[in-house]
Amino acid sequence: MMNMQNLYDIILIPWLVLGILTFFMLFFITAPYGRHSKKMGPMISGKWGWIIQEIISPLTFGYFFLIGDSVKTPEMWVFFIIWIGHYFNRSFIYPLRQKNAKKTAIIVVFSAILFNIINGFINGYYLGSQALVQNQYTNYFQSYHFIIGLILLVIGLIINLK
């Protein structure tokens, strides 16, 4: 029987490769989403489609983070709050601020749900797994990685709110 660590190991590298390939493909292909939405079978309200597809990531992330065996340091709780806050914004605030959201294809919503299950799993399992984290987030608040990341987060938040 496959355990979560094996599943994580099997998914991680192909997921990174898929991300890199998608990055380059999108220079040549317009994704059928948002303003480029196309009729690809049954359609759903753009707002509801967005809410449904995005709420999956924080639920999956939160589940695997919370059930994990890692020691939850204050730094890890800050990562948890940032992730959940970011996806709360993506799941509810952003779609409710949209004025004229186009309908989106249900197949696109299902594809995004699959993406967000994997995304939430990879990140939640990583932070929740003692075998992967191994106390590397102790005293992380003084790290330049954390400080630069937090500054970029705040800048992005300010830009998004304008």
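So, how was this worked out
Residues numbered from 1 in each chain as written. Predicted model: local features only at pLDDT ≥ 70, side-chain atom pairs only at ≥ 80, totals over all residues. Heavy atoms only, no water. Axes fitted to C-alpha atoms, helices over the stretch in contact; angles between N-to-C directions. Helix = DSSP H or I, 4+ residues; strand = E, 2+ residues; numbered from the N terminus. Parallel < 35°, antiparallel > 145°, perpendicular 65-115°, else oblique. Left-handed = near helix turned anticlockwise from the far one by under 90°. Contact = heavy atoms within 4.5 Å. Phe/Tyr/Trp six-rings, centres within 6.5 Å; stacked < 30°, edge-to-face > 60°. Buried < 20%, exposed > 50% of the residue type's maximum accessible area, 1.4 Å probe, protein only. Lys NZ or Arg CZ within 6 Å of the ring centre and 35° of its normal. Expected span 1.5 Å × (residues − 1). Polar contact = N/O pair within 3.5 Å; in protein donor to acceptor, adjacent residues only side chain to side chain. Nonpolar A, V, L, I, M, F, W, Y, C, P; charged D, E, K, R; others polar.

A. Representation of the packing of helix α2 (residues 46-67) against helix α3 (residues 74-97). The geometry of α2 relative to α3 is characterised by a closest axis approach of 8 Å and an angle of 170 degrees between their N-to-C directions. Judged by the inter-axis angle, α2 sits roughly antiparallel to α3. Where α2 crosses over α3, the handedness of that crossing is left-handed. Two secondary-structure elements touch here, α2 through K47, W50, I51, E54, I55, S57, P58, F61, G62, F65 and L66 and α3 through M76, W77, F80, W83, I84, Y87, R90, S91, F92, Y94, P95 and L96.

B. Broad picture of the packing of aromatic side chains. Under the defined criterion, the tally for this structure stands at 22 aromatic pairs. Aromatic side chains F23 and F27 sit 5.2 Å apart centroid to centroid with 85 degrees between the ring planes, which places their arrangement in the edge-to-face category. Residue classification places F27 among the exposed positions, given a relative accessible area of 56%. Ring centres of F24 and F27 lie 6.5 Å apart, and the angle between their planes is 40 degrees; this geometry places the pair in the tilted category. Three or more aromatic residues link up through ring pairs in this structure, and these residues are F61, F65, W77, F80, W83 and Y87. For the cation-ring pair, K72 lies above F65, with the distance from its terminal atom to the ring centre recorded as 5.1 Å.

C. Molecular detail of α2. The end-to-end C-alpha separation of α2 is 33 Å, in line with the 32 Å expected for 22 residues at 1.5 Å each. Two or three places before K47, at the opening of α2, S45 has a side-chain oxygen 3.3 Å from that residue's backbone nitrogen.

D. Inspection of the packing of α2 against helix α4 (residues 106-128) at higher detail. Running from amino to carboxyl end, α2 crosses α4 at an angle of 20 degrees, the nearest separation of the two axes being 7 Å. Taken together, the axes of α2 and α4 are roughly parallel relative to one another. Two packed elements cross with a definite hand, and for α2 against α4 that hand is right-handed. Residue composition of the contact of α2 with α4, grouped by class: 13 nonpolar, ten polar and one charged.

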